[in-house]
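# Understanding the architecture of this molecule
Single-letter residue listing:
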Amino acid sequence: FVLGLTSSPQITAMPDAIRIPMVEPHPGGIPATAALFRHSSHAQLSCYACHPGLFPRQRFGFTHQQMEGGHFCAACHDGQAAFGMAGAPCERCHAP
């Protein structure tokens with residue numbers, strides 16, 4: 001955020017769609033696309049719900065194995081707070 005002339009913080013512009021860099025190829029090459037994160041579909045959360053605790057403010061990749069350990073997206077997408085990864089169709093996150 002950027003501090004303006006007043007003491008209230010202002011959020012700087014951010015991209016809505018962010019393609020998560022692939023760290024390793026998916027088995028069999030499917031899905032072919034990397035996951036796509038949309039800030040707009042998480043608008044009910046404040047920036048500080050994820051930044052910088054779960055995610056730094058720059059793009060980086062991570063694996064499904066890391067998420068299965070409860071890290072990154074899976075910190076919320078655990079089947080309780082938000083839909084879980086287990087059983088979700090790949091296209092839910094790996095959108096073209």
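Along each chain, the written sequence defines residue order, and numbers are assigned to residues from 1. Local features in a predicted model are, by the rule used here, given only for residues with pLDDT of at least 70; side-chain atom pairs are given and counted only at 80 or more, and totals for whole chains, interfaces and linings are based on all residues. Only hydrogens and water are removed before side-chain values are computed, so all heavy atoms of the structure are retained for them.

### Some words on the pattern of salt bridges
A pair can form between side chains of opposite charge whenever their charged atoms are brought close. Put simply, the rule reads: Only one rule defines a salt bridge in this text: a Lys or Arg side-chain nitrogen within 4 Å of an Asp or Glu carboxyl oxygen. By definition, any uninterrupted DSSP run of H or I lasting at least four residues is a helix, any uninterrupted run of E lasting at least two residues is a strand, and each is numbered from the N terminus. Here's how the labels work: a residue is buried when its accessible area is under 20% of the maximum for its type, exposed when over 50%, partly exposed in between, all with a 1.4 Å probe on protein chains only.
Considering all chains together, one arrives at 1 salt bridge under this definition. We note a salt bridge from R38 to D16, for which the minimum N-O separation is 3.2 Å. Highlighted residues: R38 in strand β4 (residues 36-38) and D16 in the loop between β2 (9-10) and β3 (17-19), separated in sequence by 22 residues. R38 gets classed as partly exposed once you look at its relative accessible area, which sits at 38%. With relative accessibility at 30%, the residue D16 sits in the partly exposed group.

### What to know about the nonpolar core
The cut-off we apply is this: Within this scheme, the nonpolar core is defined by two criteria: the residues are buried Ala, Val, Leu, Ile, Met, Phe, Trp, Tyr or Cys, and they are joined through side-chain atoms within 4.5 Å. Working rule for contacts: check all heavy atoms of both residues, and any pair within 4.5 Å makes them a contact.
Core analysis: the largest hydrophobic core is formed by 8 residues, namely I20, A35, C50, F55, F62, M67, F72 and A74. Ignoring sequence-local partners within four residues, the contact set of A35 consists of I18, R19, I20, C93 and H94.

### Quick notes on the packing of aromatic side chains
Each aromatic ring pair is described using two quantities: the centre-to-centre distance and the angle formed by the ring planes. Going by this rule: Stacked, tilted and edge-to-face pairs are distinguished by plane angle, under 30 degrees for stacked and over 60 for edge-to-face with tilted covering the rest, among Phe, Tyr and Trp rings (Trp via its six-membered ring) whose centres lie within 6.5 Å. Charge over a ring is defined by NZ of Lys or CZ of Arg lying within 6 Å of the ring centre and within 35 degrees of the ring normal.
One pass over the structure, following the stated rule, counts 6 aromatic pairs. Aromatic side chains F55 and F72 sit 5.9 Å apart centroid to centroid with 40° between the ring planes, which places their arrangement in the tilted category. Within this pair, whereas F55 is found in the loop between β4 and α1 (64-68), its partner F72 is found in the segment after α1, the two being separated by 17 residues in sequence. Neither F55 nor F72 differs from the other in exposure class; each is buried. Residues F60 and F62 carry aromatic rings whose centres are separated by 5.7 Å and whose planes lie at 55° to one another, so their mutual orientation is tilted. Exposure remark for F60: the relative accessible area of 23% places this residue in the partly exposed category. Take F62: its relative accessible area is 11%, and that puts it in the buried class. Each residue in the set F55, F60, F62 and F72 is aromatic and connected to the rest through ring pairs, giving one cluster. Against the face of F83 rests R92, its NZ or CZ located 3.6 Å from the ring centre.

### Brief notes about the side chain of H94
With respect to the helices, strands and loops of the structure, H94 is situated in the segment after α1. When residues no more than four places from it in sequence are discounted, the contact partners of H94 are H26, P31, T33, A34, A35 and H64.

### Focus on the state of the cysteines
As a reminder of what qualifies: The criterion for a disulfide is a pair of cysteine sulfur atoms lying within 2.5 Å.
Tallied over the entire structure, the rule returns 0 disulfides. Left without a disulfide partner, C73 is nearest to the cysteine sulfur of C93, which lies 6.7 Å away. A relative accessible area of 25% means that C73 is categorised as partly exposed. We note that C90 lacks a disulfide partner, and the nearest cysteine sulfur, in C93, lies 8.9 Å from it.

### Focus on the side chain of H51
Spelled out, the test is: Nitrogen and oxygen atoms within 3.5 Å of one another constitute a polar contact, given that in protein one can donate a hydrogen and the other can accept it, and given that sequence-neighbouring residues count only through two side-chain atoms.
Within the fold, H51 resides in the loop between β4 and α1. For H51, the side chain forms a polar contact with the main-chain oxygen of P56, separated by 3.4 Å. Beyond its immediate sequence surroundings of up to four residues, H51 is in contact with H39, P56 and R57.

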